[in-house]
Amino acid sequence: MRNLIEQILKFGVVGVIATVIDFGVMIFLTEVFGMNPVASATVSFIVSLIFNYVASMRYVFRHREGMSRQREFAIFVVLSVIGLGINDLLMWLGTSYTALDYRLVKVFATAIVMVWNFVTRKIFLEEKNA
């Protein structure tokens, strides 16, 4: 249990940094370039994904023995693309069908995707005995 709590805390630190990157890029693209919030959220998600992969696989999850780094990255990307789909769906629903500010919608979407990311990465990427 102690290892799981430590892992969740590390995941949280990586997640906070990735979230700052995600929000910073999204707000910059939306406010400075006038980009549609769904489009800017997609770009920002991809930028933060690159940081998240490197940091997560280095500091949070243990490499699964017998799995190549290419396969690991492919699985990470597939899980993240599903997370991106969840993110974009929630951003679209929240900005199209509610009067909520896109930044508030992004907070909700981020929380949902964060749970998705931790659970699926733990299941599919981490060494079973970790």
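Notes on the structure follow. (Residues numbered from 1 in each chain as written. Predicted model: local features only at pLDDT ≥ 70, side-chain atom pairs only at ≥ 80, totals over all residues. Heavy atoms only, no water.)

1. What to know about the packing of helix H2 (residues 37-60) against helix H4 (residues 102-125)
- Close contact between H2 and H4 brings their axes to 12 Å; oriented N to C, the two are set at 35 degrees. For the pair H2 and H4, the crossing hand works out as right-handed. Judged by residue contacts, Pro37, Ala41, Phe45, Leu49, Asn52, Ser56 and Met57 of H2 engage Tyr102, Lys106, Val113, Arg121 and Leu125 from H4.
- Looking at side-chain class alone, the contact of H2 with H4 contains eight nonpolar, two polar and two charged residues. (Axes fitted to C-alpha atoms, helices over the stretch in contact; angles between N-to-C directions. Helix = DSSP H or I, 4+ residues; strand = E, 2+ residues; numbered from the N terminus. Left-handed = near helix turned anticlockwise from the far one by under 90°. Contact = heavy atoms within 4.5 Å. Nonpolar A, V, L, I, M, F, W, Y, C, P; charged D, E, K, R; others polar.)

2. Topic: the packing of helix H1 (residues 2-33) against H2
- Running from amino to carboxyl end, H1 crosses H2 at an angle of 155 degrees, the nearest separation of the two axes being 8 Å. With respect to each other, H1 and H2 are oriented roughly antiparallel. H2 is crossed by H1, and the crossing has right-handed handedness.
- Its residues assigned to classes, the contact of H1 with H2 shows 17 nonpolar, seven polar and two charged. (Parallel < 35°, antiparallel > 145°, perpendicular 65-115°, else oblique.)

3. Concerning the pattern of salt bridges
- Taken as a whole and assessed by the stated rule, the structure comprises seven salt bridges.
- Where lysine 106 meets aspartate 22, a salt bridge forms, and the shortest distance between an N and an O atom there is 3.0 Å. Placement of lysine 106 in helix H4 and of aspartate 22 in helix H1 is noted, with a sequence separation of 84 residues between them. The pair lysine 106 / aspartate 22 is uniform in exposure class, with both members buried.
- A salt bridge links lysine 122 to glutamate 126; the shortest N-O distance between them is 2.5 Å.
- The exposure class assigned to lysine 122 is partly exposed, which follows from its relative accessible area of 25%.
- A network of salt bridges, in which partner residues are shared, links Arg2, Glu6 and Lys10. (Salt bridge = Lys/Arg side-chain N within 4 Å of Asp/Glu carboxyl O. Buried < 20%, exposed > 50% of the residue type's maximum accessible area, 1.4 Å probe, protein only.)

4. With respect to H1
- With 32 residues, H1 ought to run about 46 Å at 1.5 Å a step, and its terminal C-alpha atoms sit 45 Å apart, in line with that.
- The set of residues buried in H1 consists of Gln7, Phe11, Val14, Gly15, Ala18, Asp22, Phe23, Met26, Leu29 and Thr30.
- Of the surrounding secondary structure, the elements contacted by the buried residues of H1 are H2, helix H3 (69-96) and H4.
- Phi turns positive one or two residues past the end of H1, at glycine 34, with a value near 65 degrees. (Expected span 1.5 Å × (residues − 1).)

5. Looking at the nonpolar core
- Counting 14 residues, the largest nonpolar core has Phe11, Met57, Val60, Phe61, Ile75, Phe76 and Leu125 as the members making the most contacts within it.
- Taken together, the elements giving at least two residues each to this core come down to H1, H2, H3 and H4.
- Ranked by residues supplied to this core, first place goes to H2 with five residues.
- When residues no more than four places from it in sequence are discounted, the contact partners of methionine 57 are Asn52, Glu72, Phe76 and Leu125.
- Judged by nonpolar contacts, the second largest core, of six residues, contains Phe23, Ala41, Met91 and Tyr102. (Core = buried A, V, L, I, M, F, W, Y, C linked by side-chain atoms within 4.5 Å.)

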